[in-house]
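Structure assessment
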Amino acid sequence: MHFVDPSREVLAETLLAAGPNSLTLCSGWRTRDLAAHLYLRERKAAVGLGLLIKRLSKASDKATAKLAATLKTPEDYARLVGAFRAGPPALSPLKIKALDESSNLIEYFVHTEDVRRAVDRWAPRALDEEYSDALWDELIKRAAILYRGVDLGIVLVRPSGPRHVARRAPVSVAIVGEPGELLMHAHGRTRHALVTFEGQPDAVALLQSAEVGL
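Going along each chain's sequence as written, the residues are numbered from 1 onward. In keeping with the model being predicted, local features are shown solely for residues with a pLDDT of at least 70 and side-chain atom pairs are shown and tallied solely at 80 or more, while totals for entire chains, interfaces and linings include all residues. Hydrogens and water are ignored here; the side-chain numbers use all heavy atoms of the structure.

So, about the overall build of the protein chain. Numbering of helices and strands starts at the N terminus; helices are DSSP runs of H or I of at least 4 residues and strands are runs of E of at least 2. Across its full length, the protein chain carries nine helices and four strands. Written out in order from the N terminus, the α and β elements of the protein chain read α-α-α-α-α-α-α-β-β-β-α-β-α. Only the C-alpha atoms count toward the radius of gyration. The rule for a globule is 2.2 Å times the residue count to the power 0.38. Here the protein chain has a C-alpha radius of gyration of 18 Å; the compact-globule value for 214 residues is 17 Å, and the two agree. Dimensions of the protein chain, computed from C-alpha atoms along their principal axes, come out at roughly 50 × 35 × 35 Å. Categorising residues by exposure relies on relative accessible area from a 1.4 Å probe, with only protein chains included: less than 20% of the type maximum marks a residue as buried, more than 50% marks it as exposed, and the intermediate range marks it as partly exposed. Split into buried and exposed, the 214 residues of the protein chain put 44% on the buried side.

What follows is the structure in structure tokens.
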């Protein structure tokens, strides 16, 4: 089942409901900045690559800030969110479903939660089991990269039983949570992820102080 299209809808609705000036979990970004990023990453390759290639990050940030600054009214913001909601341009590689899934399934989930969880009171969404499974499948493909800066073994554990060794080391910590919560932790939203830890206290403390995510 293809989950990206409904995830895009949920993200767009979340952005619209929050309005252009709400806080997000993305450091320094309001919702207008996040909307600008989402729009540009499907239209300017440098914006998407800026998250992965350090030398492109300044150009990516500059383009995002420039577009966000043009959103002077709620109507401007709503139009940009609407353009994002409509999907990538006709000739975009993201029109290929497999690429769309691998590029956007996790992106849309995490950014939806970046908006939802940036308030004092929030609750996790009840996710469809198939959707959770799809998030898990994508997470384990990239978990080693997301935890590469942690000097520990990392084992991701779902409460229902499945486990994945993301990183091997003499001392390990198990991170236990539903796939969506594990995703938030793995992407650096560690204080906003509903997970528990199993391991030696000093190892758990080291994980909690480590830099996680891209």
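This next bit is on the packing of helix α1 (residues 4–18) against helix α5 (residues 74–85). Simply put, an axis is a line fit to the C-alpha atoms, just over the touching stretch for a helix, and the angle between two N-to-C directions goes from 0 to 180 degrees. Between α1 and α5, the shortest axis-to-axis distance is 9 Å and the interhelical angle comes to 175°. Between α1 and α5, the angle is such that the two are roughly antiparallel. Contacts between α1 and α5 involve Arg-8, Glu-9, Leu-11, Ala-12, Glu-13, Leu-15 and Leu-16 on the former and, on the latter, Tyr-77, Ala-78, Val-81, Phe-84 and Arg-85. By residue class, the composition of the contact of α1 with α5 is eight nonpolar, no polar and four charged. For this classification, under 35 degrees means roughly parallel, over 145 means roughly antiparallel, 65 to 115 means roughly perpendicular, and everything else is oblique. Should any heavy atoms of two residues lie within 4.5 Å, those residues are considered in contact. We call Asp, Glu, Lys and Arg charged. Ala, Val, Leu, Ile, Met, Phe, Trp, Tyr, Cys and Pro are nonpolar, and the rest, Gly among them, are polar.

Right, let's talk about the packing of aromatic side chains for a bit. Ring pairs are drawn from Phe, Tyr and Trp, using the six-membered ring of Trp, whenever the two centres fall within 6.5 Å, and their geometry is named by plane angle: stacked under 30 degrees, edge-to-face over 60, tilted for the rest. According to the stated counting rule, one finds three aromatic pairs in the structure shown. Taken together, a centroid distance of 5.5 Å and an interplanar angle of 90° make the contact between Phe-84 and Tyr-108 edge-to-face. Placement of the pair is Phe-84 in helix α5 and Tyr-108 in helix α6 (residues 97–116), with a sequence separation of 24 residues. Both residues of the pair, Phe-84 and Tyr-108, count as buried. Each ring, one from Phe-109 and one from Tyr-131, has its centre 6.4 Å from the other, and the planes form 70°; the classification is edge-to-face. A residue pair is termed long-range when its members are at least 10 positions apart, and Phe-109 in helix α6 and Tyr-131 in helix α7 (residues 129–146) qualify at 22 residues. The exposure class assigned to Tyr-131 is buried, which follows from its relative accessible area of 10%. Feature note: the residues Phe-3, Phe-109 and Tyr-131 constitute an aromatic cluster, connected by ring pairs. A ring is considered to have a charge above it if a Lys NZ or an Arg CZ atom is located within 6 Å of its centre and within 35 degrees of its normal. The side chain of Arg-8 reaches across the aromatic face of Phe-84, ending 4.9 Å from its centre.

Read these as spatial facts, not as claims about activity.
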